[in-house]
Amino acid sequence: MEYDLALSGRLYIGGELVDGAIGIKDGKIVAVKKQIPGALDYGSKIILPARTDPHVHLRDPGFTQKEDFFTGTLSAAFGGVSCVLDMPNTDPFVYRYSHLEEKEHVASRKAVVDYGLYVGMSNNVLDEKALKRAPALKIFMAPTTGGVVNELDDVALNYLLNIMADYPQVTVFHAEDSRMVKEGPAGDLKEHMRNRPSEAEEKAVERLIWTGKDLHIAHITSEAGVEALKKKSGQTAEVTPSHLFLTMDSDLENLAYAKVNPPVRTKRDRDALWGALRDGRIDMVSSDHAPHTIAEKEEFETSPSGIPGVETALPLILASVKKGLITFERAVEVLIEAPARRFCPQKGSIEEGKDADLIVVDMKDIREIRADELHSKAGWTPFEGMDAVFPQDVYVRGGIVIKNGNFEGERGFGRNPWF
Ligand code: DOR
Ligand code: ZN
């Protein structure tokens with residue numbers, strides 16, 4: 001047979017839905033045609049490229065009571081994600097090549113979807129051997145759960161960005177000004193927000209944009225942050241569903257479920273984020289999947305910051321199309337096309353030569369999110385009861401991973417294209 005697999009349905013190509021068929025060989029899309037005889041026919045269901053999630057914390061090695069590479073990538077697959085980029089704040093913190101090798105050893109045996117491994121910096125050490133095998137570099141500008149802060153003054157920041165200009169790897173910043181972040185106690189979401197004010201984000205974003213260098217800003221959370229993005233010149237920025245769907249006034253069974261750094265803020269901030277996501281000041285959506293155990297989240301004051309979300313990001317945003325919060329085309333751009341273009345260009349579009357990473361969705365199949373139906377080890381979600389469009393089937397490099405909502409993949413199938 002000419003193809004290993006062929007699928008037909010409503011294909012999303014060049015910003016439009018068209019009836020067509022996709023021929024797949026050796027994990028790649030090798031043909032996109034009107035028809036392919038014998039193709040598995042999805043009828044009027046939509047076939048989209050799968051999503052790359054540029055920001056997840058899979059906790060492995062070191063914190064596998066919270067998540068591991070199997071459960072984290074399983075959760076990703078159920079959310080239509082075929083590639084996750086894992087942050088370096090595991091144990092050991094990944095900033096040396098040996099740390100990367102150790103994580104690769106673990107991940108390659110457990111991952112069910114593709115992945116890349118960030119490197120970080122500790123004590124301003126940039127290990128260029130490690131960097132070459134990573135999709136991106138992560139810099140924490142302020143203290144946060146498990147992060148290693150690098151206080152870069154303007155000279156150091158420019159020096160680093162000049163070095164990074166010689167690499168294809170993206171430089172990603174957790175943008176909060178550490179001088180404006182208080183690490184004192186917080187009893188609720190409002191106090192947590194006071195400890196980490198939007199001015200801290202605004203200052204850090206302004207500083208980063210002012211460099212004029214190529215970089216990416218993680219999780220924008222505020223109207224002030226969005227304003228500072230007006231001056232961006234080629235830089236990119238992301239927002240998370242936590243900040244798009246939750247506020248400090250959210251009615252949750254446990255407020256600690258919405259404790260995250262940078263914090264969820266006011267309705268006005270949330271609305272500004274939606275505006276910026278629609279108009280392009282914010283380029284893409286990352287989940288910032290940051291699971292912690294239910295026990296750790298029991299007490300607000302002592303609970304670590306972080307919210308799981310790799311499984312619910314695409315489903316929540318697709319369900320928002322029906323509510324008029326975003327167009328279908330813009331949703332596909334910010335969830336799928338933009339993250340792939342920036343971080344993983346062999347994925348993210350239905351085109352000959354690209355990886356055959358595909359998801360099948362029925363936009364009318366809206367369901368409520370239930371924590372006990374999700375696959376992260378966390379076992380909780382602040383998005384309980386919210387509307388979602390989960391993919392029915394998920395393919396990674398032509399291999400079926402989710403079929404009719406059931407896991408049909410295998411541990412260790414996931415590959416790291418950078419390593
Ligand atoms: O809330 C957060 N949790 N923010 C971060 O920057 C780190 C993350 C984590 O790893 O738990
Ligand atoms: Zn994060």
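Residues numbered from 1 in each chain as written. Chains lettered and ligands numbered in written order. Predicted model: local features only at pLDDT ≥ 70, side-chain atom pairs only at ≥ 80, totals over all residues. Heavy atoms only, no water.

Novice: So what about the coordination of the zinc ion (ligand 2)? Which residues, and what values?
Specialist: Donor atoms from the polypeptide that bind the zinc ion (ligand 2) are His55 (NE2), His57 (NE2) and Asp288 (OD), placed at 2.0 to 2.2 Å. Positions of the donor residues of the zinc ion (ligand 2) along the chain correspond to the pattern H-x1-H-x230-D. Here histidine 57 is found in the loop between β5 (51–56) and α1 (69–78), whereas its partner aspartate 288 is found in the loop between β13 (284–285) and α10 (313–322), with 231 residues between them in sequence. One exposure class covers both histidine 57 and aspartate 288, and it is buried. (Donors = N, O, S within 2.8 Å, 3.2 Å for Na, K, Ca; no water. Helix = DSSP H or I, 4+ residues; strand = E, 2+ residues; numbered from the N terminus. Buried < 20%, exposed > 50% of the residue type's maximum accessible area, 1.4 Å probe, protein only.)

Novice: Summarise the site of ligand 1; cite the residues concerned and give the values.
Specialist: Around ligand 1, the structure places His57, Arg59, Asn89, Thr144, Thr145, His174, Val260, Asn261, Ala290, His292, Ser305 and Gly306. For ligand 1, an oxygen atom lies 3.3 Å from a polar atom in the side chain of histidine 57. Taken by itself ligand 1 offers 290 Å² of open surface, and the protein chains cover 99% of this. When its residues are assigned to classes, the shell around ligand 1 shows 2 nonpolar, 9 polar and 1 charged. (Near = heavy atom within 4 Å. Polar contact = N/O pair within 3.5 Å; in protein donor to acceptor, adjacent residues only side chain to side chain. Areas by Shrake-Rupley, 256 points an atom, 1.4 Å probe, with all protein chains shown as cover. Nonpolar A, V, L, I, M, F, W, Y, C, P; charged D, E, K, R; others polar.)

Novice: Give a detailed account of α1, specifying residues and quantitative values.
Specialist: For α1, the tally of buried residues reaches 10 of 10 residues, placing the bulk of the element in the interior. Buried within α1 we find Phe69, Phe70, Thr71, Gly72, Thr73, Leu74, Ser75, Ala76, Ala77 and Phe78. In this structure aspartate 68 caps α1, since a side-chain oxygen of it lies 2.8 Å from the backbone nitrogen of phenylalanine 70. Just downstream of α1 lies glycine 80, where phi reads positive at about 80°.

Novice: So, the sheet that holds β5: which residues are in play, and what are the values?
Specialist: The strands that make up a sheet are held in pairs by hydrogen bonds between backbone atoms, and each pair lies either parallel or antiparallel. Ordered in space as β5-β6-β7, the 3 strands form an open sheet in which the pairing is parallel. Edge positions in the sheet fall to β5 and β7 (114–117), since each has one partner strand and no second. Here the strands of the sheet are splayed against their neighbours by 20° on average, with no regard to which way each runs. Of the strand pairs in this sheet, β5 and strand β6 (residues 81–86) are connected by 4 bridges, and their pairing is parallel. (Pairing = 2+ DSSP bridges. Axes fitted to C-alpha atoms, helices over the stretch in contact; angles between N-to-C directions.)

Novice: Pulling in residues and values, what's your account of the packing of α1 against helix α2 (residues 97–110)?
Specialist: Two elements in contact, α1 and α2, have axes whose closest approach is 8 Å; the angle formed by their N-to-C orientations is 55°. Relative to α2, the element α1 is oriented oblique. The two elements α1 and α2 cross, and the hand of that crossing is right-handed. Taken together, the residues of α2 that come into contact with α1 (itself represented by Phe69, Phe70 and Thr73) are Lys103, Ala107 and Lys110. (Parallel < 35°, antiparallel > 145°, perpendicular 65-115°, else oblique. Left-handed = near helix turned anticlockwise from the far one by under 90°. Contact = heavy atoms within 4.5 Å.)

Novice: Describe in detail unusual backbone geometry, supporting the description with residues and values.
Specialist: Here aspartate 60 and proline 61 are connected by a cis peptide whose omega angle stands at 10°. Geometrically, the link from aspartate 91 to proline 92 is a cis peptide bond, its omega value of 0° lying close to zero. Looking at the element boundaries, proline 92 is found in the loop between β6 and α2. Positive phi, normally seen in glycine, also occurs at asparagine 123, with a value near 50°. Among the secondary structure elements, asparagine 123 is positioned in the loop between β8 (119–120) and α3 (128–131).

Novice: I'd like a rundown of the environment of leucine 160, residues and numbers included.
Specialist: With respect to the secondary-structure elements, leucine 160 resides in helix α4 (residues 154–164). As for leucine 160 and glutamate 176, which are separated by 16 residues in sequence, their C-alpha atoms are 18 Å apart. Discounting residues that sit within four places of it in the chain, leucine 160 has contacts with Met121, Leu126, Leu137, Ile139 and Leu152.

Novice: I'd like a description of the sheet that holds strand β10 (residues 170–174), backed by residues and values.
Specialist: Pairing in this open sheet of 6 strands is parallel, and the strands run β8-β9-β10-β11-β12-β13 from one edge to the other. Each edge of the sheet is formed by a strand with only one pairing partner; in this case those strands are β8 and β13. Strands β9 (136–140) and β10 of the sheet are contacted by α4, whose axis makes an angle of about 150° with β10.

Novice: Account for the pairing of strand β18 (residues 399–403), naming residues and giving values.
Specialist: Note: strand β17 (residues 393–396) against β18, 3 bridges, orientation antiparallel. Note on β18: the bridge partner recorded for valine 396 is glycine 399. Once β17 ends, the chain turns through 2 residues before running back antiparallel as β18, passing arginine 397 with a positive phi of about 45°. Adjacent in sequence and paired antiparallel, β18 and strand β19 (residues 406–407) are bridged by 2 residues, among which asparagine 404 carries a positive phi angle near 50°.

Novice: Lay out the side chain of glutamate 104 in plain terms, naming residues and giving numbers.
Specialist: Residue placement: glutamate 104 occurs in helix α2. Although glutamate 104 lies buried, it forms no salt bridge, and the closest oppositely charged side chain, arginine 109, sits 7.3 Å away as judged by the N-O distance. A polar side-chain atom of glutamate 104 sits 3.0 Å from a polar atom in the side chain of asparagine 416. Discounting residues that sit within four places of it in the chain, glutamate 104 has contacts with Tyr115, Leu117, Asn416 and Phe419. (Lys, Arg positive; Asp, Glu negative; His and termini not counted. Salt bridge = Lys/Arg side-chain N within 4 Å of Asp/Glu carboxyl O.)

Novice: An account of the pattern of salt bridges is requested, with residue identities and associated values reported.
Specialist: Under the defined criterion, the tally for this structure stands at 26 salt bridges. Here lysine 347 makes a salt bridge to aspartate 114, at a shortest N to O gap of 2.8 Å. With lysine 347 in the loop between α11 (328–343) and β14 (358–361) and aspartate 114 in strand β7, this residue pair connects regions lying 233 residues apart in the sequence. What makes aspartate 114 buried here is its relative accessible area of 2%. A salt bridge links aspartate 114 to arginine 397; the shortest N-O distance between them is 2.7 Å. Placement of aspartate 114 in strand β7 and of arginine 397 in the loop between β17 and β18 is noted, with a sequence separation of 283 residues between them. One continuous salt-bridge network, built from bridges that share partners, spans Lys28, Asp114, Lys347, Asp355, Asp357 and Arg397.

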